[in-house]
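# Descriptive analysis of the structure
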Amino acid sequence: MSSHDVRDMLDLPGTAGPRPAKKQKIAAPRSTLKGLAREVQSLGGDNPIAIVPEISVFKKRRLANRKPAAKWEYRPFRNSVRSDGLILRHWRRKPEVPPAPAGEVGRENEADSQVEEPIDDTIFAKFNVQVQVPEYNDEQYNAYLQNEHWTKDETDYLMGLAQEYDLRWPVIWDRYEYVSPIPDVEEGDDAIIPAPKVRSLEDLKARYYKVAAAMMIVHKPQDRMISSEFALYETMLAFNPAQETARKKFAENAFQRTREEAKEEESLLLELKRILARSEKLNEERRELYARLEAPPSSGNIGIYSSSQGLQSLLQQLMTVDKSKKRRSLIGPDGASPASAGPNSLQQGFDRRDSSMRESISGPSGSAVKKGAGQGPTERRQLTEDEERTYGVSHPTDRITSGPFFRYEKLSKPISLKSTAQQAKITNTLNELGLPPRLIMPTVETGTSYEVLLESIVKMLQFRAVSEKLSGEIAVAKAHKAEREKRERAARGEPEPEPEAEKTNEEEAGGERDAAADADPEAQEDMDGEGDVKIEEEQEKSAALSTRGGSAHKRSASVLSTVSDKSTKRQKK
Amino acid sequence: MASQQPMTSSMQPTDVYGGDEVSAIVLDPGYSSIRAGFAGEDLPKSFVNSFYGVQGEKVVFGDDFIHNPLANLEIRNPMSKEGLVEDWDTSTRLWEYAITSRLTTFKQADPRTNGLNDDTKDILVEAVDENEKALEEHPLLLTETAWNSAKNREKSIEIAMESWGCPAFWLARNSVLAAFGSGKATALIVDVGASTASVMCVHDGLILKKSIQRSPLAGNWVSSQLRSLFSTVEPKVDLSPHYTIASKTQVDAGAPSQAVYRKFDTEPSESFRALEEERVLTEFKESVVQVWGGPGKLNATNQSGTTNADYIRSQPGRVFEFPDGANRMWGVERFSASEGLFDASAALPSLNSADPPIQKSQTIPDMLRTSINAVDVDLRPTLLQNIVVAGGSSLLNGFNDRLHNEVSAMFPGARVKIHAPGLTAERRFGSWIGGSILGSLGTFHQMWISKKEYDEFGASIVEKRCK
């Protein structure tokens, strides 16, 4: 087969450039071959005869190393973790010493004396690590570690074993042969001493962890532990011997299965896997379907885009979306279509696809997008009652008008709606009670009780104002009466040394009293202004809470209504 | 860096595998042989028969001396059938022989001071003194069985410290070392030696005592099965060891032998004959005996409705020629001698009627089951994946296959993996190799019981330290 055929098969151009070069290549080595007759060489035809060089030497002789052979010495070393100072010897390369011109004998002596001097420590000393087993004394044992099933002696024994076998639990359990200290225990190797209790591995572990955890907390209070220590502490506390025993039992059963059972289980597991895989797919499809269903209806908005101008604006809008993908705030709070584009684009592809689809369809109808971003009702987890309590979720029956708000906002609202004077009063009262003006932890419970408290404070203030006002009126009436009596006395001809000012005062007071009787708030204001300062401050309140309480209710109701008006307005925005 | 460059002689081995060789000696005595060598080497340099000869006053050690058919040569073994030392005096001498004959005899001393060049008598006496303490420079790592008694353990440290003057000593369990030899710290060890088979679990280099199982169903028991077999097959096999044969002529298979027997003035002792017969049996075991690899027992019926034995009958047998020239083909019989290791009901009746029949619980699969059920369930899967087979008798052809089949059938839910070194020597010397690894580790040097500690605490320290 020639190269032409190959080229044909490979659909390559028939004649290629490299061909002549190839020929040259073949020719080149041919010419260099020497010591071979031309006839012999031509026997090879196109393929040049391979000539393998004959190597007579098996290995190249190692180049003579000019340096003398490395010296090794049988050097002693010690192990710093051994307490007995055992000195063993091993072969080590002798450090290079400048060649001593002295004779052999002198050298030997030198070496001998060197041995005495430094004895290295083995590098393996660092591998001698011991486990830390909790330690305790009698006092601590009695205080923290008492247990009806364990004596101190046996606990000590367990700790000893744990230390001895480096917490290898299977071994500890295997070697656990506690004999309660009876004075004359036979020390025979095969003597069978009946063990009083058979301890399971879980018993031993449970006891150990309990002791370890107790001692840990004794040595270091919980709040000063670092996280790893605390994790260890938690783990030890969480050890549940019953659960562990159950698990072992289960494992044992699984271990003793027959072949048929094993096979059956395997096939069941396979089936389960298949079902799970399928359900995953199904879920995926279902989610997609939901997403499609959730997409906002496009009917109302299409009209905008029917004209070329509308399309232009749409294009503009999309451009701005592209530009401002990073930040939601740029688009503004008016909930324009791409509101959810920015953050969502960073989420999984599924979401992104969704939102982009919605953008294109929904246009300026922002509220729909907002709603669509909430993944649909199936995604929402149903909370249990406990969880609801924990997270403070409630389902209020009364209408919440203003959308989401912070709880403390809601709490401070009744205060902030009052006049500054009122606010100061409420704050004063709270201070007297030793409460902060703003709740530190406004949970639902504290919030409601705070509201109740505020309400009663307000009531209390109102009552106080009323009582003050009443006492003021009584005082005026008394003064009036005294005046009248004076006048009568004067009429009777009794001498009365009265200043002018008082008279006018009395007259005015009398006028005021009339005004109060007419329930005119302005007149009342005047009266209060002339009365003492407190009353003046309380003007509104006293007006509201004067014996004709109807107006007070009216007033508060109106306040409420204005608030709700405001909030509704805000909401509308 | 170290891994990229080839090892050179000038490199510290420490950098490579954590080794730090202190020329410790590892001594692994067993019922049939004693293995000794330097820690860090791959095989024991010294391999000595545990049997020794007593010739009147003289005691001879080693294969070179005990196989001579001398009139008054008694053959004895210092070990009990359980692998424990019974005769401490002779054991000491035997072990010393194993060490000094190959490892430390030619102690090179400075020619100026070794006394060879001058002939004053004082120096010679000194030299003798030095020789007495054979191991003054070498820490000794001795192995023991898992069921060794505390008394024996204390005795062994006494010998090492006082008779041999070791600077440091350690007593290790041979099954743990077998696990180390396979590179495992947690393993289930199946050790089938000459006198004892044992199964036990090792966790992190510590034997789980509750899991220790042992039985006499090992190499020597297979030999006794062979004797039973030889007495029942037709024609009967007359077991005559090599030394009894002066010459033999070739005969056809199954034909009676035509050997010329040697005449002795006084017959060599019974014990000598037993030793020599054992050698023939060992050869037979090595070349003919086979274990049915499974699945199922030898007598079980397989899927095609025939028994496994029937299947074997259809396969070619093996020929074995005894020293007297008699030879025959061994078909299914070669499987029956070893079947008892796995199936108590298939064991051949013993020739010696005093021997109790073997129990089901003594077979290897049953021991394994008992052993593994005695450990924590969390460990079991790991152990089943790390079954280490050691001991010379486990080299019976087909042993591992059968073991694997039996264990897999026993625990179908678990993954069973059997680790058995392929090299014969590694299987036979598994525990020695483990000792060699352990003794040459740099981290092991903190564990040695030093002479100083021994002097301070006495022999009981071995119980405290070597657990």
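It should be emphasised that the depicted structure is a prediction, and the values quoted were computed from it without experimental measurement. (Residues numbered from 1 in each chain as written. Chains lettered and ligands numbered in written order. Predicted model: local features only at pLDDT ≥ 70, side-chain atom pairs only at ≥ 80, totals over all residues. Heavy atoms only, no water.)

## Topic: the overall build of chain A
- When helices and strands are counted, chain A shows 24 helices and three strands.
- Out of the 573 residues belonging to chain A, those deemed buried represent 23%.
- Expressed as a percentage of contacts within chain A between residues at least 6 apart in sequence, the contacts between residues at least 24 apart total 53%.
- Counting every atom, chain A has about 42500 Å² of accessible surface; 55% of that belongs to carbon and sulfur. (Helix = DSSP H or I, 4+ residues; strand = E, 2+ residues; numbered from the N terminus. Buried < 20%, exposed > 50% of the residue type's maximum accessible area, 1.4 Å probe, protein only. Contact = heavy atoms within 4.5 Å. Areas by Shrake-Rupley, 256 points an atom, 1.4 Å probe, with all protein chains shown as cover.)

## Some remarks on the sheet that holds strand β6 (residues 73-76) of chain B
Residue and element names in this part refer to chain B.
- Strand order in the open sheet formed by three strands is β5-β4-β6, and the pairing between neighbours is antiparallel. Here the strands that pair on one side only, and so sit at the sheet edges, are β5 (58-60) and β6. Each strand of the sheet is rotated relative to its neighbour by a mean of 30°, with strand direction disregarded.
- When strand β4 (residues 52-55) meets β6, the two strands line up antiparallel, connected through four bridges. Bridge assignment links Gly-53 to a residue of β6, and that residue is Ile-75. (Pairing = 2+ DSSP bridges. Axes fitted to C-alpha atoms, helices over the stretch in contact; angles between N-to-C directions.)

## Some words on the pairing of β4 of chain B
- Sheet analysis places β4 of chain B next to β5 of chain B, joined by three bridges and oriented antiparallel. Along β5 of chain B, the bridge assignment pairs Gln-55 of chain B with Lys-58 of chain B.

## Let's talk about the confidence of the model for chain A
All names here are of chain A.
- The predicted model of chain A averages 70 in pLDDT, with 61% of residues at 70 or higher.
- Residue range residues 20-28 is modelled with pLDDT below 50. Its contacts to residues more than four positions away, or to other chains, number one contact.
- Counting interchain partners and residues more than four positions distant, the pLDDT-below-50 stretch residues 102-116 has three contacts. (pLDDT = per-residue confidence, 0-100.)

## A look at the packing of aromatic side chains
- If you walk through the whole model with that rule in mind, you get 31 aromatic pairs over all chains.
- Taking 5.9 Å as the distance between ring centres and 70° as the angle between the ring planes, the aromatic pair formed by Tyr-208 of chain A and Tyr-209 of chain A counts as edge-to-face.
- Consider the rings of Phe-255 of chain A and Phe-411 of chain B, whose centres lie 4.9 Å apart with planes at 35°: the pair is tilted. Of the two residues, Phe-255 of chain A sits in helix α10 (residues 241-255) while Phe-411 of chain B sits in the loop between α13 (399-410) and β18 (418-419), which places them in two different chains. Note on accessibility: Phe-255 of chain A and Phe-411 of chain B belong to one class, buried.
- Here a set of aromatic residues connected by ring pairs shows up, and it is made of Phe-230, Phe-284, Phe-320, Phe-322 and Trp-330 of chain B.
- Sitting over the ring of Trp-150 of chain A, Arg-199 of chain A keeps its end group 3.7 Å from the ring centre.
- In this arrangement the basic side chain of Arg-328 of chain B is found over the ring face of Trp-330 of chain B, its NZ or CZ atom lying 4.4 Å from the centre. (Phe/Tyr/Trp six-rings, centres within 6.5 Å; stacked < 30°, edge-to-face > 60°. Lys NZ or Arg CZ within 6 Å of the ring centre and 35° of its normal.)

## Here's the deal with a positive patch on the surface
- A surface patch of positive charge is lined by Lys-478, Lys-481, Arg-484 and Arg-487 of chain A.
- You can see Arg-487 of chain A is positioned in helix α19 (residues 444-492). (Patch = residues over 30% accessible without salt bridge, like charges linked within 9 Å, V, L, I, M, F, W, Y side chains within 5 Å. Salt bridge = Lys/Arg side-chain N within 4 Å of Asp/Glu carboxyl O. Lys, Arg positive; Asp, Glu negative; His and termini not counted. Charge placed at Lys NZ, Arg CZ, Asp CG, Glu CD.)

## Re empty space enclosed by the protein
- One pass over the full model with this rule turns up four cavities of 30 Å³ or more.
- Lining the largest cavity are 16 residues, with Gly-83, Val-85, Thr-143, Glu-144 and Asn-148 of chain B sitting closest to its centre.
- Here the element with the most residues in the lining of the largest cavity is strand β7 (residues 140-144) of chain B; it accounts for three residues.
- Per-class residue counts for the lining of the largest cavity are eight nonpolar, seven polar and one charged.
- What the second largest cavity holds in volume is close to 40 Å³.
- Taken together, Tyr-408, Leu-411, Ser-412, Pro-437, Arg-438, Leu-439 and Tyr-450 of chain A form the lining of the second largest cavity.
- The element that contributes the greatest number of residues to the lining of the second largest cavity is helix α17 (residues 407-416) of chain A, accounting for three residues.
- Residue classes in the lining of the second largest cavity are distributed as five nonpolar, one polar and one charged. (1 Å grid on protein atoms, 1.4 Å probe; cavity = no way out; pocket = protein on both sides within 12 Å on 5 of 7 lines; lining within 4 Å. Points joined across faces, edges and corners; volume = space filled by probe spheres on them. Nonpolar A, V, L, I, M, F, W, Y, C, P; charged D, E, K, R; others polar.)

## Topic: helix α5 (residues 150-163) of chain B
Residue and element names in this part refer to chain B.
- End to end, α5 covers 19 Å across 14 residues, agreeing with the expected 20 Å (1.5 Å per residue, within 8%).
- Looking at α5, one finds that the buried residues are Ala-150, Asn-152, Arg-153, Ser-156, Ile-157, Ile-159, Ala-160 and Met-161.
- Contacts from the buried residues of α5 go to α3 (88-104), β7, β8 (168-173), β19 (449-450), α16 (451-457) and α17 (461-465).
- With its phi angle positive at about 65°, Gly-165 sits one or two positions after the end of α5. (Expected span 1.5 Å × (residues − 1).)

## Let's talk about the sheet that holds strand β3 (residues 120-121) of chain A
Residue and element names in this part refer to chain A.
- Here three strands make up an open sheet; going across it, the order is β2-β1-β3 and the pairing mixed. Edge positions in the sheet fall to β2 (87-93) and β3, since each of these pairs with one other strand and no more.
- Sheet topology places strand β1 (residues 72-78) next to β3; two bridges connect them, and they run parallel. Bridging across to β3, Phe-77 finds its partner in Asp-120.

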